[in-house]
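Working through the structure, step by step
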Amino acid sequence: MTSQQLQRNNSAIERERSSTNCAPIPTNQNNDEEIPIIDLSNPNNEEVAIQLWNAAHNVGFFTLINHSIPQDQIDTLFSLSEQFFDLDSEIKHKYPFDRENNSGYEFMTQKPPSTNVVDLKETFQVTAREGCMDQLWPNEQPGFQDVIMGMIANAHALACRVLSLLESRACPHVERNTLPNAHHIWDEDGQCTLRLLHYPPTTIENAEEVDESTQSNTENGTNTRWRCGAHTDWGSLTLLFQRVGEDGLECRRREVNEGVEDGTSASWVEVPPVEGGITVNIGDMLKRWSDCKLYSNMHRVRMPKTIEECAKSRYSVAFFLQADKSALIENRSNDPITAGEYFAARINAHFAE
């Protein structure tokens, strides 16, 4: 691909990504509606598939319960995450972030274009591709690698199940099982990633910088602080593990003004942790694959609102289901593109901003 072709490709992908009116907004959308909760223990797969479709098409966010990932495995992962982030800074920086492999430790370096300020968080990222974690597994914590790999395996299986249930409605143009079969872990082509996240305690002064007028609209260019600035995810699906009592995640409400979504006056909806639940959101890659039938919703982590909330850390764990580099993303509206090319275009556009 020539540089001119790459530039055109990047621009087209960014225009598609930023389009807010691809998926029709339902006329009966209730602005006070909570994030849908979907019970995967329901033996009626068709009923579950319809619930997933409605949530993914209309909201872009939903919570899974009875999802088969053991709670003790989730609790162990959070304990491991706390122990890692409690390590001295010089120890954590022994495992620095490797941008080429999308793996390793970062401390307050991510700057979303929506805010143009650094997120108040630290992360440790594991890309489940052959060779990506060489020399990056922390050896200060026995069992770290085994716990992470075990969770990646279970999260990957669950995310692929969700893809299978969405596929016939979201992507009727592809052969059956195309979507789940396009996402592998621990081979030379994989791009799936697990990220440990820690949002440290902050001061009430920092929290008060973000008043209600700024909280309601990140597109106004105000340089306030955020635990995580507004963004969409680049992959297919994200599974987010949250803990009850550690709030802050919000997604944009889809608002209607004579049938057109008004991004400039967007308001925000809390995405609360649910006991035993996993939060799921649609990513830009799946939005493209589905010809925009699925909604990749903007989301963020707000600053604390009270003195008590400021004094607490927030921990979460995200698993990003991302298609293999060679997987071909085909829809009826765009030229085919591999997932590797798609990610390269997103990264180029992101850093160009």
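Attention here is on the structure that accompanies the text. (Residues numbered from 1 in each chain as written. Predicted model: local features only at pLDDT ≥ 70, side-chain atom pairs only at ≥ 80, totals over all residues. Heavy atoms only, no water.)

1. A short note on the packing of aromatic side chains
Operational definition: Between the rings of Phe, Tyr and Trp (Trp by its six-membered ring), a pair exists once the centres lie within 6.5 Å; its type follows the angle of the planes, with under 30 degrees stacked, over 60 edge-to-face, and the other angles tilted. Strands are runs of DSSP state E lasting at least two residues, helices are runs of H or I lasting at least four, and both sets are numbered from the N terminus onward. Each residue is placed in one exposure class: buried if its accessible area under a 1.4 Å probe, protein chains only, is under 20% of its type's maximum, exposed if it is over 50%, and partly exposed if it falls in between.
Applying the stated rule across the entire model yields 7 aromatic pairs. For the pair Phe-124 and Phe-144, a centre-to-centre distance of 5.5 Å together with 90 degrees between the ring planes defines the contact as edge-to-face. In this pair, Phe-124 sits in strand S4 (residues 122–127) while Phe-144 sits in helix H5 (residues 144–170), placing the two residues 20 residues apart along the sequence. Of the residues examined, Phe-144 reaches a relative accessible area of 1% and is grouped as buried. Ring geometry for Trp-137 against Phe-144: centres 6.3 Å apart, planes inclined by 65 degrees, an arrangement best described as edge-to-face.

2. Side note on the packing of helix H3 (residues 71–85) against H5
To keep things clear, this is the line we draw: Lines fitted to C-alpha atoms define the axes, with helix axes restricted to the stretch in contact, and inter-axis angles between N-to-C directions lie between 0 and 180 degrees. For classification purposes, angles smaller than 35 degrees are called roughly parallel, those larger than 145 roughly antiparallel, those between 65 and 115 roughly perpendicular, and all remaining angles oblique. Left-handed is the label given to a crossing in which the near helix is rotated counterclockwise from the far helix by less than a right angle, and right-handed is the label when the rotation is clockwise. Throughout, a residue-residue contact means that at least one pair of heavy atoms, one from each residue, lies within 4.5 Å. Under the scheme applied, nonpolar residues are Ala, Val, Leu, Ile, Met, Phe, Trp, Tyr, Cys and Pro; charged residues are Asp, Glu, Lys and Arg; polar residues are all the others, including Gly.
At a closest axis distance of 10 Å, the pairing of H3 and H5 adopts a crossing angle of 135 degrees. By the angle between their axes, H3 is oblique relative to H5. As H3 packs across H5, the resulting crossing turns out to be left-handed. Facing Gln-73, Ile-74, Thr-76, Leu-77, Leu-80 and Phe-84 of H3, the residues of H5 in contact are Phe-144, Val-147, Ile-148, Gly-150, Met-151 and Asn-154. Tallied by class, the residues present in the contact of H3 with H5 amount to 8 nonpolar, 4 polar and no charged.

3. Topic: the nonpolar core
Soluble globular proteins: nonpolar side chains tend toward being buried together. The condition is simple: Here, nonpolar core means buried Ala, Val, Leu, Ile, Met, Phe, Trp, Tyr and Cys residues that are tied together by side-chain atoms lying within 4.5 Å of each other.
Phe-62, Phe-124, Ile-148, Leu-196 and Trp-289 are the most contacted members of the largest nonpolar core, which totals 67 residues. Take this core: its biggest share by element is 13 residues, from H5. If sequence neighbours within four positions are ignored, Phe-124 has contacts with Phe-84, Phe-85, Tyr-95, Gly-104, Tyr-105, Met-133, Leu-136, Pro-138, Phe-144, Leu-194, Arg-195 and Leu-196. Grouped together as the second largest cluster of nonpolar side chains are 14 residues, Leu-197, Leu-240, Cys-251 and Val-301 included.

4. What about the sheet that holds strand S6 (residues 228–231)?
Cut-off, in case you're wondering: The pairing criterion is simple: DSSP has to find at least two bridges between the two strands.
A sheet is described by the order of its strands in space; here 4 strands give the open sequence S6-S13-S8-S11, paired in antiparallel fashion. Here the strands that pair on one side only, and so sit at the sheet edges, are S6 and strand S11 (268–270). Sheet twist, expressed as the average angle between the axes of neighbouring strands with direction ignored, equals 25 degrees.

5. Brief notes about the pairing of strand S8 (residues 249–252)
By the alternation rule, side chains of S8 split into Leu-249 and Cys-251 and Glu-250 and Arg-252, which are all buried. Two elements, S8 and strand S13 (residues 299–301), share 3 bridges in a ladder whose sense is antiparallel. Within S13, the residue paired with Glu-250 across the bridge is Arg-300. As paired elements, S8 and S11 share 3 bridges and run antiparallel to each other. Looking at the pairing, Glu-250 lines up with Glu-270 of S11.

6. Overview of the side chain of Arg-302
Just so we agree on the cut-off: Nitrogen and oxygen atoms within 3.5 Å of one another constitute a polar contact, given that in protein one can donate a hydrogen and the other can accept it, and given that sequence-neighbouring residues count only through two side-chain atoms.
Position of Arg-302 among the secondary structure elements: in the loop between S13 and helix H9 (307–310). In this structure the side chain of Arg-302 is engaged in a polar contact, spanning 3.2 Å, whose partner is the side chain of Glu-270.

7. Things to note about H5
As a reminder, the rule being used: The length a helix should cover is 1.5 Å for every residue beyond the first. To get the bend at a given residue, fit one axis to the seven residues ending there, fit another to the seven starting there, and take the angle between those axes.
For H5, built from 27 residues, the straight-helix expectation of 39 Å at 1.5 Å per residue is met to within 8% by its first-to-last C-alpha distance of 37 Å. At Ser-164, H5 is bent by approximately 25 degrees, the largest bend along its length.

8. So, H3
Which entries qualify depends on this criterion: In this description, the arc belongs to the directions extending from the helix axis to the C-beta atoms.
Taking 1.5 Å of rise per residue, the 15 residues of H3 would be expected to cover 21 Å, and the 21 Å separating its terminal C-alpha atoms lies within 8% of that figure. Buried residues of H3: Gln-73, Ile-74, Leu-77, Phe-78, Leu-80, Ser-81, Phe-84 and Phe-85, and no others. One side of H3 carries all its buried residues, which in axial view fall inside an arc of 160 degrees.

9. A word on the packing of helix H2 (residues 45–58) against H5
Viewed as axis vectors pointing N to C, H2 and H5 meet at an angle of 75 degrees, and their least axial separation amounts to 9 Å. Taken together, H2 and H5 sit at an angle that is classed as roughly perpendicular. Together, Asn-45, Glu-46, Val-48, Ala-49, Ile-50, Leu-52, Trp-53 and Ala-56 of H2 and Arg-161, Val-162, Leu-165, Leu-166, Arg-169 and Ala-170 of H5 make up the contact between the two elements. In the contact of H2 with H5, the residues fall into 10 nonpolar, 1 polar and 3 charged.

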